[in-house]
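Reading the structure
Listed below are the residues making up each chain.
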Amino acid sequence: MDIVKKVVILGGGTAGWLAASLLKKVIGSVIDIELVESDEIGIVGVGEATIPPIRLVNQVLGISEADFLRETNATIKLAIKFENWKQQGESYFHTFGAPGRSLAFCNFHHLWQKARQAGDTTSLWAYDLNYLCATAGKFAPIQSKDHILELPYAYHFDAALYARYLRKFSEGLGVVRTEGRVANVTRHYNGHVKSLLLTDGREVAGDFFIDCSGFSSLLLQQHLQTGYDDWSHLLPCDRAVAVPSERFAQTLPYTRSIAHSAGWQWRIPLQHRNGNGLVFSSAHYSEQQAMDLLMQNLESPALGEPRVIRFKTGRARKQWHRNVVAIGLSSGFLEPLESTSIHLIQSGIVRLLQLFPHRGIDEAKVAEYNKQSELEFRQIRDFLIFHYHVNQRDDSQFWRDMQEIEIPDSLAHKIAIFAADGTLVRENNDLFQDSSWLQVMMGQGIMPKDYHPIADNFSYQQLREMLAGIRAIKEEPLSKLPSHDDFIQRAIRQVS
Ligand SMILES: Cc1cc2nc3c(=O)[nH]c(=O)nc-3n(C[C@H](O)[C@H](O)[C@H](O)COP(=O)(O)OP(=O)(O)OC[C@H]3O[C@@H](n4cnc5c(N)ncnc54)[C@H](O)[C@@H]3O)c2cc1C
């Protein structure tokens with residue numbers, strides 16, 4: 001087997017430059033990296049909300065938070081607010097935190113549930129520090145030995161600035177960038193890709209190729225034709241229309257997801273503007289209707305014309321095939337309802353690093369990569385389906401259809417167990433932990449019939465005291481925290 005010495009990355013969006021940065025930082029002493037991208041084609045330019053593991057990327061790369069916030073016009077994200085998802089006029093939060101304080105073998109919500117059944121009307125979210133900070137518009141990292149005062153957070157950032165930032169970072173480490181449009185590829189006798197042929201006749205050869213070419217999936221789908229699992233029957237939204245708008249006077253540290261009659265609208269607050277978009281089903285709205293709906297619901301003046309992006313939900317059947325691995329949109333797409341795409345890029349790169357084919361392609365490692373990727377995509381897919389399926393809206397055909405879809409058995413099983421007595425079952429390595437499933441289950445209207453018997457170890461009076469104590473601990477930091485806007489302003493003025 002041949003040693004993999006030269007890695008070629010096709011594409012300079014978030015996927016391409018993040019792959020270049022991480023690979024060069026972690027194993028740059030044993031590989032050379034050349035990244036080919038075309039300014040003429042450009043990047044998809046959306047992808048502005050993230051989840052907490054993104055902070056690990058910055059730590060590994062050694063990027064300071066102040067520098068990152070400044071260079072990408074980023075803000076803090078503590079949660080997503082889902083509006084009109086269960087019913088029109090109702091909303092709930094999916095925060096990155098966890099409510100209350102759990103006991104050994106007993107999640108907090110069982111205690112809350114018992115108190116609730118005895119007449120306590122306090123919301124579950126009143127015990128969640130992320131929720132309290134998000135709704136108060138406050139933020140600063142909290143250093144505390146008490147783990148119930150953890151405040152997990154992620155970022156909203158400008159996707160174009162992020163790609164530019166990572167490019168500067170990668171080039172600083174020695175990644176070579178080649179500007180040009182790939183027209184074709186050459187192959188070895190065994191079908192492995194040998195080189196990329198550019199339209200101007202140049203040839204870029206490599207031992208291993210990372211396809212980050214976006215939705216065109218030039219290497220994996222167009223040339224290696226590995227096939228695609230189409231999941232549109234489970235998640236029927238297949239278009240988005242996106243437009244930036246002027247920022248509001250105050251930026252709140254959460255994403256808004258506002259359901260409409262056949263899709264949902266995102267609103268992402270950045271330092272310099274809002275990111276907005278409408279994800280919709282083209283079977284229910286024409287592109288013009290979607291554009292009109294988005295423009296009518298912006299709440300601040302648009303900063304440009306809306307543009308439509310088409311997609312097919314699903315994943316490449318083999319995300320790694322021969323000497324090509326696809327990362328980013330070229331490997332599949334799950335709509336941005338839970339902001340998971342950039343995370344999938346991150347986890348794809350980490351997986352590749354763990355299974356890196358330094359001594360040549362090993363089919364066992366390829367199979368392992370594909371198995372793990374398939375599981376990860378499927379678990380996220382199920383979580384997204386859940387938001388749509390368990391709704392109580394009867395105002396449009398779209399929402400009624402979503403109630404009727406045949407959901408995967410794995411999801412049906414999870415819902416049934418939770419609905420009975422609040423038990424949460426977490427499949428191996430599911431990105432979404434108990435607190436995420438709990439909040440969305442309850443937010444969408446599933447209230448368990450019963451609670452775990454451990455809660456009966458406490459009388460109602462004891463429970464009330466315990467819950468009040470936990471709430472006081474969670475509320476205590478609020479008065480000392482700055483507003484989110486003040487935090488950002490202070491952070492970006494810091495010298496890195
Ligand atoms: C509507 C929408 C909203 C989204 N929102 C979120 C979100 O909130 N959070 C999140 O995590 N993710 C989100 N995503 C996903 C996110 O945008 C992508 O995961 C991310 O931008 C990575 O894109 P990419 O690098 O794979 O592709 P792209 O950005 O499209 O980059 C593709 C690159 O390949 C190059 N290229 C293509 N063909 C050729 C060729 N022939 N020759 C040379 N170069 C070529 C292009 O020039 C470009 O540099 C969203 C996606 C969509 C569609």
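Here we summarise the structure given alongside this text. The shown structure was predicted, so the numbers you read here are calculated from the model rather than taken from an experiment.

**Here we look at the overall build of the protein**
For the protein, the count of helices and strands is 15 helices and 21 strands. Taking 23 Å as the expected radius of gyration for a compact globule of 496 residues, we find that the protein reaches 23 Å, a close match to that expectation. The principal-axis extents of the C-alpha atoms in the protein amount to approximately 75 × 55 × 50 Å. Going through the 496 residues of the protein one by one, you find that 45% of them count as buried.

**Some details on the pairing of strand β5 (residues 91–95)**
Residues in a regular strand project their side chains so that they alternate between the two faces of the sheet. Among the five residues that make up β5, four are buried, leaving the element largely enclosed by the rest of the structure. Bridging between strand β4 (residues 79–83) and β5 involves five bridges; their strand directions are antiparallel. Within β5, the residue paired with I80 across the bridge is H94.

**Observations regarding the site of the ligand**
Close to the ligand lie 40 residues, the nearest being G11, G13, G47, G214 and G328. Those elements that provide at least two residues to the shell around the ligand are α1 (14–27), β2 (32–37), β13 (239–246) and α9 (341–354). Each residue belonging to the shell around the ligand can be placed in one class, and the counts come to 20 nonpolar, 17 polar and three charged.

**Digging into α1**
If you check α1, its first and last C-alpha atoms are 19 Å apart, about what 14 residues at 1.5 Å a residue would give, namely 20 Å. For α1, every residue scored as buried is listed here: T14, A15, G16, W17, L18, A19, A20, S21, L22, L23 and K24. Where the residues of α1 are buried, they touch β1 (6–10), β2, α2 (54–61), α6 (159–173), β11 (208–211) and α9.

**So, helix α3 (residues 65–72)**
Listing the buried residues of α3 in full gives F68, L69, E71 and T72. Check the buried side of α3 and you find it contacts α2, α6 and α15 (484–493). N73 sits one or two residues past α3 and shows a positive phi near 55°.

**Examining the sheet that holds strand β15 (residues 263–269)**
Strand order across the open sheet formed by seven strands is β5-β4-β14-β15-β16-β13-β17, with mixed pairing between neighbours. Two strands bound the open sheet, and with one partner strand each, they are β5 and β17 (307–310). Across the sheet, the mean angle from the axis of one strand to that of its neighbour is 20°, orientation sign disregarded. Alignment of β13 against strand β16 (residues 273–280), held across eight bridges, turns out to be antiparallel.

**Description of the sheet that holds strand β12 (residues 228–230)**
Spatially, the three strands line up as an open sheet ordered β12-β18-β21, and their pairing is antiparallel. The outermost strands of the open sheet, each flanked by one partner alone, are β12 and β21 (332–333). Pairing of strand β18 (residues 314–316) with β21, which is carried by two bridges, proceeds in the antiparallel orientation. Each residue of the ladder has a partner; that of G314, found in β21, is F333.

**Section: unusual backbone geometry**
One non-glycine residue, N84, adopts positive backbone phi at about 65°. Looking at the secondary structure, you find N84 in the loop between β4 and β5. A count of 20 C-beta atoms within 10 Å places N84 in the buried class. The phi torsion at S217 lies on the positive side, around 40°, for a residue other than glycine. Within the secondary structure layout, S217 lies in the loop between β11 and α7 (218–223).

**Looking at the packing of α1 against α9**
Two quantities define a packed helix pair, namely the angle between the axes and the distance from one axis to the other. Relative orientation of the contacting elements α1 and α9 amounts to 35°, with a least axis distance of 10 Å. By crossing handedness, the relation of α1 to α9 is classed as right-handed. Residues T14, A15, L18, A19, L22, L23, V26 and I27 of α1 touch α9, and the partners they reach there are I342, I345, Q346, I349 and L353. Considered class by class, the residues forming the contact of α1 with α9 number 11 nonpolar, two polar and no charged.

**Some details on the pairing of β1**
Counting buried positions along β1 yields four of five residues, so the element is predominantly enclosed. Two elements, β1 and β2, share five bridges in a ladder whose sense is parallel. Of the residues in β2, the one forming a bridge with V7 is I33. For the crossover that starts at β1, traverses α1 and ends in the parallel β2, the hand is right-handed.

**Some thoughts on the nonpolar core**
Soluble, globular proteins show a tendency: their nonpolar side chains are buried together. Ranked by internal contacts, the top residues of the largest apolar core, which has 125 residues, are I9, L10, A19, L78, L219 and I327. It is α1 that provides the largest number of residues to this core, a total of seven residues.

**Concerning the environment of P269**
By the element assignment, P269 lies in strand β15. On the basis of neighbour count, P269 is assigned to the buried category, with 24 C-beta atoms found within 10 Å. Taking the C-alpha atoms as reference, P269 lies 34 Å from I33; in sequence the two are 236 residues apart. The contact partners of P269, leaving out residues within four places of it in the chain, are T75, H156, R247, F248, T251, L252 and N274.

**As for the environment of M441**
By the secondary structure assignment, M441 is in helix α13 (residues 434–443). Placed 37 residues apart in sequence, M441 and L478 show a C-alpha to C-alpha distance of 27 Å. Once residues lying within four places of it in the same chain are set aside, the contact partners of M441 are F418 and I446.

Here is what the cut-offs are and how they apply
- Residues numbered from 1 in each chain as written.
- Predicted model: local features only at pLDDT ≥ 70, side-chain atom pairs only at ≥ 80, totals over all residues.
- Helix = DSSP H or I, 4+ residues; strand = E, 2+ residues; numbered from the N terminus.
- Rg over C-alpha atoms; globule rule 2.2 N^0.38 Å.
- Buried ≥ 20, exposed ≤ 12 C-beta atoms within 10 Å, placed from the backbone.
- Pairing = 2+ DSSP bridges.
- Near = placed C-beta within 6 Å.
- Nonpolar A, V, L, I, M, F, W, Y, C, P; charged D, E, K, R; others polar.
- Expected span 1.5 Å × (residues − 1).
- Contact = placed C-beta atoms within 7 Å.
- Axes fitted to C-alpha atoms, helices over the stretch in contact; angles between N-to-C directions.
- Left-handed = near helix turned anticlockwise from the far one by under 90°.
- Right-handed = clockwise from strand over helix to strand, strands pointing away.
- Core = buried A, V, L, I, M, F, W, Y, C linked by C-beta atoms within 7 Å.

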